[in-house]
Amino acid sequence: QKEVEQNSGPLSVPEGAIASLNCTYSDRGSQSFFWYRQYSGKSPELIMSIYSNGDKEDGRFTAQLNKASQYVSLLIRDSQPSDSATYLCAAPGSGTYKYIFGTGTRLKVLA
Amino acid sequence: SQTIHQWPATLVQPVGSPLSLECTVEGTSNPNLYWYRQAAGRGLQLLFYSVGIGQISSEVPQNLSASRPQDRQFILSSKKLLLSDSGFYLCAWGPQGNHQPQHFGDGTRLSIL
């Protein structure tokens, strides 16, 4: 069973701090990884994609991938109350058209 | 650019009534299409996916069905809704090859009374 695992949280951080969200995956064949943000009552919105080992930065967001450790993370710098949401980690299942989603980590940024 | 439309946004239906949710994608050809359900406070449950017209793969046995009558149209149906069918239904599309991310519609919140 191919899995993507996340701590459900909630992860609480003060405004202006760095929020660190983590994800592990079981399928060594996975080549790409995605982070989605889902506000309460809304649909998931893609915020980051990462395809190779190392870091990828986009504004206040940095995605980190370590394929050897099967570990993906998302760092949010200068966290804002508007970042409070559930963050979903996802990967395409290798050899399948399906995507494997984690259950999400709920982030609360405290003003 | 690609867009995905899903409607209605909210639906309240009595138990035993039929269901039809529609999803269309614009700006791309031959997308992979997906239906998910999300219970309150829970993760995404894949219900169906389709890699082409008339090709439907079912992930969870239940009283729902899906159809893809056109390349960019995906329909979720039921002949008789159950209370357990309540939830947030999400349509998504992904390009062929699936190394690129999925993109979601705005979702339909379905309440069964």
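Residues numbered from 1 in each chain as written. Chains lettered and ligands numbered in written order. Predicted model: local features only at pLDDT ≥ 70, side-chain atom pairs only at ≥ 80, totals over all residues. Heavy atoms only, no water.

**Let's talk about the environment of Arg-77 of chain A**
All names here are of chain A. Checked against the element boundaries, Arg-77 lands in the loop between β8 (71–76) and β9 (85–92). For Arg-77, a relative accessible area of 26% corresponds to the partly exposed category. Within polar-contact distance, the side chain of Arg-77 engages the side chain of Thr-62 at 2.6 Å. (Helix = DSSP H or I, 4+ residues; strand = E, 2+ residues; numbered from the N terminus. Buried < 20%, exposed > 50% of the residue type's maximum accessible area, 1.4 Å probe, protein only. Polar contact = N/O pair within 3.5 Å; in protein donor to acceptor, adjacent residues only side chain to side chain.)

**Notes on the sheet that holds strand β1 (residues 3–7) of chain B**
All names here are of chain B. Taking strand neighbours across the sheet as the criterion, the four strands line up as β1-β3-β8-β7 in an open arrangement whose pairing is antiparallel. Two strands bound the open sheet, and with one partner strand each, they are β1 and β7 (64–70). Strand-to-strand twist across the sheet, computed as the mean angle between neighbouring axes with direction ignored, equals 15 degrees. (Pairing = 2+ DSSP bridges. Axes fitted to C-alpha atoms, helices over the stretch in contact; angles between N-to-C directions.)

**Details of the pairing of strand β6 (residues 55–58) of chain B**
All names here are of chain B. Bridge count for strand β5 (residues 44–52) against β6 is three bridges, and the pairing is antiparallel. Looking at the pairing, Tyr-49 lines up with Ser-57 of β6. Hairpin connection, β5 to β6: the antiparallel pair is bridged by two residues, and Gly-54 has positive phi, about 75 degrees.

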